[in-house]
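Understanding the architecture of this molecule
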Amino acid sequence: MVGLTALGLSLLACSATRQGLMRDDGRLQSPDGGSFRLVLKPEDQILRELTDLTVEVEGRKVGKRIAVQDWSVLAAQDGSAPFLGPIRQHGANLVMEDRNSGTTVVLDGGEELAAYAGHTVLVIGYVDAAHVIVVMGYRVLD
């Protein structure tokens, strides 16, 4: 009977992709007014730090819960597409492994960020050249 219950629950779960605003209580607020409780893996707990940002989550949905398998940040508070990832010093450059694009970008104009090398940071800025981001603002997430 236990096997049937587990099988039944897995059949009830369906794959889902949802976009919305991250709330400070860790829930995803969808544009239609509904909200979802996010079930996160330990390595994805940083998602809870992205309050007031528009994110997209993919995962298994059961009722009002989504077991998140992947996620990305779509927009910062100003509507721009932010850059997110761990930063590190690389020679004279401060670089970030951007989670959304999967590429390494050089951060220009964010010299104060060098103090946060090894931390995950959300950067708001614009592309100045190939793989070069001019930092306009940031939020340290961990």
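Residues numbered from 1 in each chain as written. Predicted model: local features only at pLDDT ≥ 70, side-chain atom pairs only at ≥ 80, totals over all residues. Heavy atoms only, no water.

**Some points on the packing of aromatic side chains**
This structure, assessed with the given rule, holds one aromatic pair. Taking 6.3 Å as the distance between ring centres and 50° as the angle between the ring planes, the aromatic pair formed by Y116 and Y138 counts as tilted. Of this pair, Y116 sits in the loop between strand 8 (104-108) and strand 9 (120-129) while Y138 is found in strand 10 (residues 132-140), placing the two residues 22 residues apart along the sequence. Its relative accessible area of 34% is what places Y138 among the partly exposed residues. Sitting above the plane of the F36 ring, K64 keeps its charged end 5.3 Å from the centroid. Sitting over the ring of W71, R99 keeps its end group 3.7 Å from the ring centre. (Phe/Tyr/Trp six-rings, centres within 6.5 Å; stacked < 30°, edge-to-face > 60°. Helix = DSSP H or I, 4+ residues; strand = E, 2+ residues; numbered from the N terminus. Buried < 20%, exposed > 50% of the residue type's maximum accessible area, 1.4 Å probe, protein only. Lys NZ or Arg CZ within 6 Å of the ring centre and 35° of its normal.)

All we've got here are geometric facts, nothing functional implied.
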